[in-house]
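Chain by chain, the residues run as shown.
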Amino acid sequence: MKITVVIPNFNGLHFLETCLSSLDNQNFKAFSIILVDNGSTDGSLEYVRKHYPAVEIIQNLRNLGFAKAVNQGIRMSKTEYVALLNNDVEVDENWMGALYDAIKSDPKVFSVSSRMVRFQERDRMDDAGDLLTLFGWAFKRGDGEAVAKYAKPADVFSSCAGAAIYRRKIFRKIGLFDERFFAYFEDVDIGYRARVKGYRNIYCPEAVVYHIASGTSGSKYNNFKVRHSSRNEVYLIHKNMPWLQQLVNCPFLMTGFLVKCLYFISKGYGKAYLTGKAEALRTLKGIGKTKSSCWTSYLLIERDLIANTFHYLGFFLRKLKA
C-alpha cells in the first residue's frame, strides 16, 4: 500500500455510501481506508461493517474533535503518505492517483490540496487550497468562482484537510495536528508549521472532489463554529508568528479581529465570537511557539501574507460585483 485514507466521521451515515463507493471506484488502487468514528449514534459503524468490511475502524465513545480523530488515524497508518478526507464528499475516479503523482513530484512538498467543487453546483469552486492574510483571516481560495478559473497547479498557504494528502516523514519533524484546536484552523496551523520549516503546500487541479459544504457541522455559521474559529485564529497567530512579525502586523491583525467581531455581531453571533477570543486569552500560555532559526522562511511567509491580502481584497470585490 502507498497511501492510507483517514476519514473522520460523526453521525455521517447519510454521507457514507456516496463517499465510500466513490473511493471503491478509484483507478489508483494502492490504498487502504481507516474510518475514525467520534461517537456516532446514527448507525454509521454498523453500515460500514456490513457494506465495507475492508475499512478499518477506530471507535471513539464520544466526539473528540477533528484534530484528535485524524491523528488517531495517522498514528495507526503505516504508509508513506496519508490522505485525509471528509465524509461529506464524492471523489472523482482519478482523485487518488492525481494526489499521489503531485506529492511525489517534489520531496519538499508536505501536502497537496484537492480541487474541491460544490456538490450541488458543479461549475463552482468550493476550495482550491487555503490562504492566510495579514488580517489573520484564512479563506478558501476560489470559493464560489468558476471551476475553469482554477485549472492550473499552484502553491497555497495550506491544504484544506477535507481532501488532501500529506507526507508522513514530515509529520515527524513538525508534529501532528494540534488537538487543542479541536476543530477549525487545525489544517491552516499544520500548513503554517510546514512553511516555517521550509516545506511547500500545493494545489492539484486534477484531484477533483465534490463537497457538500458544512455537511457535518450543518450550517455555515453556528455558535460552536464561530466560538472555536475565533479562539483558534488567535492560537494560530500566537503559535506560528514570531513576536517581531506580530508587532509589524499588529495594526492589520487588530483591524481584522475588529471587522470580524462587527460582522458576527450583525449576524447574531457576537457573543460566540467574543467568548472564543476570551477563551484564547485565558489559555494562551499553554500554546507553545513554532520555532525556526531560518528567517528566510518567515520573510517568505510575510511576502505571501501580503500577496494573499491583495488576493482576498480582489476576490471580495469580485463577489460584490457579482
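This structure is a prediction, so every number in the text was calculated from the model and none was measured.

Draft legend 1. Highlighting unusual backbone geometry. The phi dihedral of Asn-11 is positive, around 50°, even though this residue is not glycine. Topologically, Asn-11 is positioned in the loop between strand E1 (3-9) and helix H1 (13-24). Given the relative accessible area of 25%, Asn-11 is considered partly exposed. Despite not being glycine, Phe-185 has its phi angle at roughly 75°, a positive value. With respect to the element layout, Phe-185 can be found in the loop between helix H5 (168-174) and helix H6 (186-196). According to the relative accessible area criterion, Phe-185 is buried, its value standing at 11%.

Draft legend 2. Inspection of the packing of H6 against helix H10 (residues 295-321) at higher detail. Two elements in contact, H6 and H10, have axes separated by 8 Å at closest approach and are oriented at 130°. Classified by the interaxial angle, the pair formed by H6 and H10 is oblique. Facing H6, whose interface residues are Tyr-192, Arg-195 and Val-196, H10 presents Ser-297, Tyr-298, Leu-300, Ile-301 and Asp-304. Of the residues contributing to the contact of H6 with H10, the split by class is 5 nonpolar, 1 polar and 2 charged.

Calculation criteria
Residues numbered from 1 in each chain as written. Predicted model: local features only at pLDDT ≥ 70, side-chain atom pairs only at ≥ 80, totals over all residues. Heavy atoms only, no water. Helix = DSSP H or I, 4+ residues; strand = E, 2+ residues; numbered from the N terminus. Buried < 20%, exposed > 50% of the residue type's maximum accessible area, 1.4 Å probe, protein only. Axes fitted to C-alpha atoms, helices over the stretch in contact; angles between N-to-C directions. Parallel < 35°, antiparallel > 145°, perpendicular 65-115°, else oblique. Contact = heavy atoms within 4.5 Å. Nonpolar A, V, L, I, M, F, W, Y, C, P; charged D, E, K, R; others polar.

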